[in-house]
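Residue strings, one per chain:
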Amino acid sequence: MKTLLPALLLLLVSALSLPSMAQSFEEQMRQAAGAYERKDMATAARIWKVWAAKGDPEAQTLLGAMYWSGEGVSRNLNEAARLYLAAAKQGYARAQNNIGFMLGFGEGIPPRDDVEAYKWIKLSTDRYTVKNQDRLDQAQKDLATLSARMTPAQITEAERRVRAWKPVPQVR
């Protein structure tokens, strides 16, 4: 009984500290977003790099956007694509749209792949919320542009990939 009480106390303290860790993540993401808005790119990149390395899809996407544009980091389209793809695989709509755009419109990752581009953009259109209506509208336009240049067989294959796709669990 004497050893059980300290173990239960440790378990209780650990459980109570979990919300503060989640809050810490939220606070850091807000801090990074605020830094980005103030054009303090070094701070935004530093925070997003930490969380991107831990597998957070939002941080991966935001850091990927920095690499795509060259804001606060050296422009690196391969790194942008790597980060977008990692987040897209977890089901993050903006990353799915961004990697789809890169694949479909020749942005940094040759060769162009319309079937994969269609898959990712279509998945993003299924996941965007009304809060992201402008992104949804653009993704639908990009999907229409892709579809217009694809063969029926390519579209069928892309749709098959959309139906077969399953998100990978987030690792944090």
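Because the structure is predicted, anything quoted here is derived from the model rather than measured.

Caption draft 1: Summary view of helix H7 (residues 133-149). The end-to-end C-alpha separation of H7 is 25 Å, in line with the 24 Å expected for 17 residues at 1.5 Å each. Looking only at H7, the buried set comprises Leu136, Ala139, Asp142, Leu143 and Leu146. The buried residues of H7 occupy an angular sector of 125° when projected down its axis, which confines them to one face. Exposed and oriented more than 90 degrees from the buried face of H7 are Asp134, Lys141 and Ala148.

Caption draft 2: Structural view of the packing of aromatic side chains. The full count for this structure, using the stated rule, is 4 aromatic pairs. With centroids separated by 5.9 Å and ring planes inclined at 45°, the aromatic side chains of tyrosine 36 and tryptophan 48 adopt a geometry described as tilted. Pair noted here: tyrosine 36 is in helix H1 (residues 4-37) and tryptophan 48 is in helix H2 (residues 41-53), with a separation of 12 residues, a long-range link. Positioned above the aromatic ring of tryptophan 51 is the side chain of lysine 54, whose terminal nitrogen or guanidinium carbon lies 4.4 Å from the ring centre.

Caption draft 3: Quick look at the side chain of lysine 119. Relative to the elements of secondary structure, lysine 119 occurs in helix H6 (residues 114-127). Accessibility expressed as a relative area gives 10% for lysine 119, which makes it buried. Discounting residues that sit within four places of it in the chain, lysine 119 has contacts with Ala158, Arg161, Val162 and Trp165.

Caption draft 4: The arrangement of unusual backbone geometry in detail. You will see that lysine 39, though not glycine, has its phi angle at about 70°, which is positive. Within the secondary structure, lysine 39 is located in the loop between H1 and H2.

Caption draft 5: Region of interest: helix H3 (residues 57-69). For H3, which comprises 13 residues, the first-to-last C-alpha distance of 18 Å matches the rise-based estimate of 18 Å (1.5 Å per residue) to within 8%. For H3, every residue scored as buried is listed here: Pro57, Ala59, Gln60, Thr61, Leu62, Leu63, Gly64, Ala65, Met66 and Tyr67. The positive-phi residue at the C-terminal boundary of H3 is glycine 70, with phi of around 80°.

Caption draft 6: The packing of H6 against H7, seen in detail. One can describe the packing of H6 onto H7 by two numbers: an axis separation of 9 Å at closest approach and a directional angle of 150°. In this view, H6 runs roughly antiparallel relative to H7, as classed from their interaxial angle. Our pair here, H6 against H7, has a crossing hand that is left-handed. Between H6 and H7, the residues in contact are Asp114, Ala117, Tyr118, Ile121, Lys122, Ser124 and Thr125 and Leu136, Ala139, Gln140, Asp142, Leu143, Leu146, Ser147 and Arg149, respectively.

Caption draft 7: Layout of the nonpolar core. With 45 residues, the main nonpolar core has Met29, Trp48, Leu63, Met66, Ile99 and Trp120 as its most contacted residues. Counting residues per element, this core draws most heavily on H2, which supplies 7 residues. Once residues lying within four places of it in the same chain are set aside, the contact partners of methionine 66 are Tyr36, Met41, Ala44, Ala45, Trp48, Glu71, Gly72 and Val73.

Conventions we followed
- Residues numbered from 1 in each chain as written.
- Predicted model: local features only at pLDDT ≥ 70, side-chain atom pairs only at ≥ 80, totals over all residues.
- Heavy atoms only, no water.
- Helix = DSSP H or I, 4+ residues; strand = E, 2+ residues; numbered from the N terminus.
- Expected span 1.5 Å × (residues − 1).
- Buried < 20%, exposed > 50% of the residue type's maximum accessible area, 1.4 Å probe, protein only.
- Arc of directions from axis to C-beta.
- Phe/Tyr/Trp six-rings, centres within 6.5 Å; stacked < 30°, edge-to-face > 60°.
- Lys NZ or Arg CZ within 6 Å of the ring centre and 35° of its normal.
- Contact = heavy atoms within 4.5 Å.
- Axes fitted to C-alpha atoms, helices over the stretch in contact; angles between N-to-C directions.
- Parallel < 35°, antiparallel > 145°, perpendicular 65-115°, else oblique.
- Left-handed = near helix turned anticlockwise from the far one by under 90°.
- Core = buried A, V, L, I, M, F, W, Y, C linked by side-chain atoms within 4.5 Å.

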